[in-house]
Structure formats: C-alpha cells, structure tokens
Protein chains: 2
Amino acid sequence: MKETHAIPGYTFGTSAIARSPVTPGDFELMKRSILFDDEDVKYLRLSRGIVADQVEAILDVWYGFVGSQPHLLASFSGRVDGKPLGNYLGAVRKRFGQWILDTAAAEYDQRWLDYQHEIGLRHHHAKKNRTDGATSTAVVPFRDLFPLIYPVTFTLRPFLASKGHAAGEVEKMYAAWLKSCLLQMTLWTYPYIRDGDF
Amino acid sequence: MKETHAIPGYTFGTSAIARSPVTPGDFELMKRSILFDDEDVKYLRLSRGIVADQVEAILDVWYGFVGSQPHLLASFSGRVDGKPLGNYLGAVRKRFGQWILDTAAAEYDQRWLDYQHEIGLRHHHAKKNRTDGATSTAVVPFRDLFPLIYPVTFTLRPFLASKGHAAGEVEKMYAAWLKSCLLQMTLWTYPYIRDGDF
C-alpha cells in the first residue's frame, strides 16, 4: 500500500475504519460459492503488472461509460441542480485507480475486508458524499450496482490482452476479475441489506 | 408458456402474483447500465434451441454443485435436522428447468417482471418455503446469491458450445446469459433491500 498516503480519503488499513460485519469465515464460504481459489489469486496478481501502467486509460473508459448515462452520472451530480460535480468525480477517480491495483494485488485479508465495508458505506445513505464533502444524491441506487460489473469487466478485457499474454491466460485473468468484482460488490452492498438477510 | 401448467407453483402470468415494484422504466435503465440490448435478446433466443433438450443435464451440473457445498445445500435442508429435503429440491428443480427456458425466451415484459419479483420473494423471508410447504431455513442468505451467478454461467458454457456454433456466437450467448442473470438477480433481491435504497 506504499505511496498511497497522497490519495485523500483512502483510509485502507488505518484506524479510521471499523471492523467489517462480514467475518473471514463468511467470506471463505462466499469464495466457495463462486469457485474463487488460489488460481484466481495467481491470475489477479498476474494482471497487476499488466494494468499498473494503464490505470488512467482504464479509468478513461469507465468514466466515459458512466458519463454517457445520465442515470449513472446522477450519483456524481449536484442534488439540487443535477450538474456533474468535477471535484467529486476527480476525488473518487483517484481512489478508483487505487482500487484497480488493490483488486489485482489480491491480498484479501482482514484489513481488506474492513475497507470493502467502508467502500460500501460510501455508496450508501450511511456515508455517501461525506468523504469528499460532496453535495450529490443521497445513495447510489442498488439496482445499478451489480449490472455495472459487466461493463467494468468486459472493457477491462482488451487491457488484459494488451501485453501479449496467451488467450487462455487472458481468459483466466478476466474470470478472476469477474469473480472478485462479484465478491466485492456483495461485500459493498451489506449496508443496503435488511437486518438478518445478509 | 405452453405446457407449463403441470409445474406446481409455476405461476408465471397468472393472477396469483402481484405487480413488480420495479417499473418497466427502471428496468430499461438497468439494461442500459449493463449494456443489454437487442443483440443480447437475439443470442439468448439462439441459446434456447441449444439448451432446450439439455435442461436435465444442466440441472444435474448445477444441483451437483449446490449439493457439494453444505452452506448452499442448507437452504434446501430441514430447519431442525439439517437433512436435505428431497421433495423441496425436486419441486424447485422443475421450476428451475422452466427458468432456463424462460431466460432464453427473453420475453422480458411486464408479466416476466412480475414473476421475477415473485421469485425474489420465494428466496426471501417473505415467502421462502411457502410455495412447496417446505420446512427449510427461513431465507437464502444474500451473500451467496450473486456469487452463484459465476458457477451457473460458467458451467453453462460447454452446453452452449455443444452444438457446433462458432466460438464468437458461443461467447455472445454466454455474455447475454451473464447479463440476464445479473439483471434477474438484481430484481430477485428487491425484498432484501432496505426501503429507499433500491
């Protein structure tokens, strides 16, 4: 996690964040439900060296997609005037870039689990806008969260393939990313779920 | 939907089910979030002819996976003694087979939307066990629902490829299935989501 102290609001591993309500035991079972194993860790880490110098280009694609859809951009726009909030978009973008690297680092330990819960709170009524002092909408609607996994992973694929790896390796990196995103989004949506239903 | 009257509890399109709280307008936006379009409808319908005579073999794979994982099988087991409930597993299996055909038919209209909400209620505290008079656990935990999309779609792929279609066509059918499952699971989890967060 070196050299990340410069990213405002990136509190991974600090005392600013609370313990995740999801236990490591729960997370182990989630990994079994999705067939996530050491092979996925290996291919995520292989992807890190591929995406590390392409983070800004990847974010350009993702931000381009969100920016092209008014109902998605609304979560980064003013609550009152509906205009995109440049500072908010920029602040989130820095952490989003670090998220790419952290996902690919695949060090999914207690600190990581705790930070996933924090990310979830920041999408939810519980803490949205607070980290960046933004004046945007009160919640990122649940209905768009899991659907976004498709464009995010689909558009990542050409980047994973851009450095000459065999098609089979690219496919395994893509699958590991898809699984990781499904696991992470499940952790992120904990605050959205009624008591006792998670 | 012909010849489905023989499946107990399959109430698609009947007066037994309520209107979905998700409007067709909401669903249109969800489709945009996941890049689901006419091409996906086309490839889902192409897949229907491929999977139609392989439904039981597909269900064997999926049931084999769930049956191999105690924490997943628990949702089909006795609340008190923890033993798998054969009648419950069998009743759900008949509707699961029809779900394969309905997903591939891709007639995602109001009746379909209403039935997705009913499916969600049957996973949730709201209506679990009721359709089949089962004595199983009170809720399918949210944390396993989206992760299961990966094994379901991944293991479907060889079936999609089993009738000689070009690799590019198989890939497009797989992508359409993945998107459809993400959209459907989002609709199914409506009852799990806190008021105002969907």
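Higher on the page you've got the structure.
Attention in this report is confined to the structure presented alongside it. All chains use their own residue numbering, which begins from 1 and follows the written sequence. Numbering of ligands from 1 and lettering of chains from A proceed in the order in which they are written. Owing to the predicted nature of the model, reporting of local features is limited to residues with pLDDT of at least 70; listing and counting of side-chain atom pairs is limited to 80 or more, with chain, interface and lining totals taken over all residues. Only hydrogens and water are set aside; all other atoms, that is, all heavy atoms of the structure, feed into the side-chain values.

Tallying the contact residues gives 41 residues for chain A and 41 residues for chain B. Buried area is a sum: the accessible area each of two parts loses on coming together, probed at 1.4 Å, counted once for each and added. Carbon and sulfur atoms supply 61% of the area buried between chain A and chain B, which totals about 3,700 Å² over both sides. Contact with chain B buries surface across chain A, with A:Arg143, A:Tyr150 and A:Arg194 losing the most and accounting together for 19% of the total. Whenever a carboxyl oxygen of Asp or Glu lies within 4 Å of a side-chain nitrogen of Lys or Arg, that contact is scored as a salt bridge. At the boundary of chain A with chain B, the tally comes to four salt bridges. Between A:Arg157 and B:Glu171 there is a salt bridge, and its shortest N-O distance comes to 3.4 Å. Note on contacts: a residue pair is in contact if any heavy atoms of the two residues lie within 4.5 Å.

Turning to the state of the cysteines, a few remarks are in order. Any cysteine sulfur atom paired with another within 2.5 Å is treated as part of a disulfide. Taken as a whole and assessed by the stated rule, the structure comprises zero disulfides over all chains. The thiol sulfur of A:Cys181 is not disulfide-bonded, and the nearest other cysteine sulfur, from B:Cys181, lies at 17 Å. Burial classes follow relative accessibility: with a 1.4 Å probe on protein chains only, a residue under 20% of its type's maximum area counts as buried, one over 50% as exposed, and anything between as partly exposed. The exposure class assigned to A:Cys181 is buried, which follows from its relative accessible area of 6%.

Here we take up helix α9 (residues 167–188) of chain A. Every helix listed is a DSSP run of H or I at least four residues long, and every strand listed is a run of E at least two residues long, numbered separately from the N terminus. Each helix should span, by expectation, one fewer than its residue count multiplied by 1.5 Å. Between the first and last C-alpha of α9(A) there are 31 Å, a value that for 22 residues agrees with the 32 Å anticipated at 1.5 Å per step. Among the 22 residues of α9(A), 17 are classified as buried, and the element is accordingly described as predominantly covered.

It is worth spelling out the side chain of B:Gln54 at this point. Residues and elements named next belong to chain B. Its place among the elements puts glutamine 54 in the loop between α2 (38–51) and α3 (55–67). Since its relative accessible area comes to 14%, glutamine 54 is described here as buried. One polar contact links the side chain of glutamine 54 to the main-chain carbonyl oxygen of phenylalanine 159, over a distance of 3.4 Å. If we ignore the near neighbours within four places in the chain, the residues touching glutamine 54 are Phe159, Ser162 and Lys163. Under this definition, polar contacts are N or O atom pairs within 3.5 Å; protein pairs additionally need one hydrogen-donor-capable and one acceptor-capable atom, and for neighbouring residues in sequence, both atoms have to be side-chain atoms.

Pairs can form between side chains of opposite charge once their charged atoms are near each other. All names here are of chain A. The final tally for this structure, using the stated rule, is 26 salt bridges over all chains. A salt bridge links lysine 179 to aspartate 40, with the nearest nitrogen and oxygen atoms 3.0 Å apart. Of this pair, lysine 179 sits in helix α9 while aspartate 40 sits in helix α2 (residues 38–51), and the two are 139 residues apart along the sequence. By relative accessible area, aspartate 40 is classed as buried at 5%.

Attention now moves to the relation of the copies chain A and chain B. C-alpha atoms of residues with pLDDT of at least 70 in both copies form the basis for the least-squares superposition of the copies. With an axial shift of 0.0 Å and an RMSD of 0.0 Å, the rotation relating chain A to chain B amounts to 180°. When the rotation and shift are considered jointly, the pair of chain copies conforms to a two-fold rotation axis. For chain A, the minimum C-alpha distance to the rotation axis belongs to A:Ile193 and amounts to 2.4 Å. Of the interface residues in chain A, 100% have counterparts in chain B that sit at the interface too, so the contact is made through matching surfaces.

All names here are of chain A. Viewed as axis vectors pointing N to C, helix α1 (residues 24–33) and α9 meet at an angle of 140°, and their least axial separation amounts to 10 Å. With respect to their mutual orientation, α1 and α9 come out oblique. Two packed elements cross with a definite hand, and for α1 against α9 that hand is right-handed. Along its contact with α1, which presents Phe27, Met30 and Lys31, the element α9 presents Leu183, Thr186 and Leu187. Split into classes, the residues belonging to the contact of α1 with α9 amount to four nonpolar, one polar and one charged. Angles run from 0 to 180 degrees between N-to-C directions of axes, and those axes are lines fitted to C-alpha atoms, restricted for helices to the stretch in contact. Just so you know how the angles are binned, under 35 degrees is roughly parallel, over 145 roughly antiparallel, 65 to 115 roughly perpendicular, and the rest oblique. In this scheme, a crossing is called left-handed if the near helix is turned counterclockwise away from the far one by less than a right angle; it is called right-handed if the turn is clockwise. Residues are grouped as follows: nonpolar covers Ala, Val, Leu, Ile, Met, Phe, Trp, Tyr, Cys and Pro; charged covers Asp, Glu, Lys and Arg; every other residue, Gly included, is treated as polar.

Here we come to the packing of aromatic side chains. Each pair of aromatic rings taken from Phe, Tyr and Trp, with Trp reduced to its six-membered ring, is defined by centres within 6.5 Å and is described as stacked if the planes are under 30 degrees apart, edge-to-face if over 60, and tilted in the remaining cases. All chains considered together, the criterion is met by 40 aromatic pairs over all chains. Summarising the aromatic geometry, the rings of A:Phe142 and B:Phe146 are spaced 6.4 Å apart at their centres and angled 65° between planes, so their arrangement reads as edge-to-face. Linking A:Phe142 in helix α7 (residues 142–145) with B:Phe146 in the loop between α7 (142–145) and α8 (149–160), this pair reaches from one chain into another. On the basis of relative accessible area, A:Phe142 is assigned to the buried category, the value being 0%. On the basis of relative accessibility, which here comes to 0%, the residue B:Phe146 falls in the buried class. Judged by centre distance (5.9 Å) and plane angle (40°), the ring pair of A:Phe198 and B:Phe142 falls under tilted. Here B:Phe142 lies in helix α7 and A:Phe198 lies in the segment after α9, a pairing that spans two chains.

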